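The primary structure of each chain is shown beneath.
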Amino acid sequence: MNNKQPDPEMIKRHVAKLREVVRQYDALNILLDKAIAQAEEDIRNSPLTAYRLGKANSVTTKENLSDS
């Protein structure tokens, strides 16, 4: 078996690199969260969404009236 211990300086370098990668992933996640929130807001404010919701509501209302 190989019982050689890794170099402490090498471990410190690897840990520092991994921390930087984690920091970059965190920054990317924040950026993606903001992009998703903006896209959802755009969808909510879209005239096409309002039209589709109106159409869905009218179909639901007609179905409810015919069931009565």
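You'll find the structure just up there.
Only a predicted model underlies this, so the values are computations on that prediction, with no experimental measurement involved.

**A closer look at the environment of Arg19**
Phase 1: Among the structural elements, Arg19 can be located in helix α1 (residues 8-44).
Phase 2: Under the relative-accessibility criterion, Arg19 is labelled exposed at 63%.
Phase 3: Here the alpha-carbon distance between Arg19 and Leu32, two residues 13 residues apart in the chain, equals 20 Å.

**Some thoughts on a nonpolar patch on the surface**
Phase 1: Judged by side-chain polarity, Val21, Tyr25, Leu28, Leu31, Leu32 and Ile36 come together as a nonpolar surface patch covering roughly 570 Å² of accessible area.
Phase 2: With respect to the element layout, Ile36 can be found in helix α1.

**As for the pattern of salt bridges**
Phase 1: Counted under the stated rule, the structure contains two salt bridges.
Phase 2: One salt bridge in this structure joins Lys12 and Glu9, with 3.8 Å as the shortest N-O distance. Highlighted residues: Lys12 and Glu9, both in helix α1, separated by three residues, approximately one helical turn.
Phase 3: On the accessibility criterion, Lys12 (55% relative accessible area) is exposed.
Phase 4: With a relative accessible area of 43%, Glu9 lands in the partly exposed category.
Phase 5: One salt bridge connects Glu20 with Arg23, and the closest N-O pair in it is separated by 2.7 Å. Within this pair, Glu20 and its partner Arg23 are both found in helix α1, separated by three residues, close to a single helical turn.
Phase 6: By relative accessible area, which is 32% here, Glu20 ends up partly exposed.
Phase 7: By relative accessible area, which is 45% here, Arg23 ends up partly exposed.

The rules behind each value
Residues numbered from 1 in each chain as written. Predicted model: local features only at pLDDT ≥ 70, side-chain atom pairs only at ≥ 80, totals over all residues. Heavy atoms only, no water. Helix = DSSP H or I, 4+ residues; strand = E, 2+ residues; numbered from the N terminus. Buried < 20%, exposed > 50% of the residue type's maximum accessible area, 1.4 Å probe, protein only. Patch = residues over 30% accessible without salt bridge, like charges linked within 9 Å, V, L, I, M, F, W, Y side chains within 5 Å. Areas by Shrake-Rupley, 256 points an atom, 1.4 Å probe, with all protein chains shown as cover. Salt bridge = Lys/Arg side-chain N within 4 Å of Asp/Glu carboxyl O.

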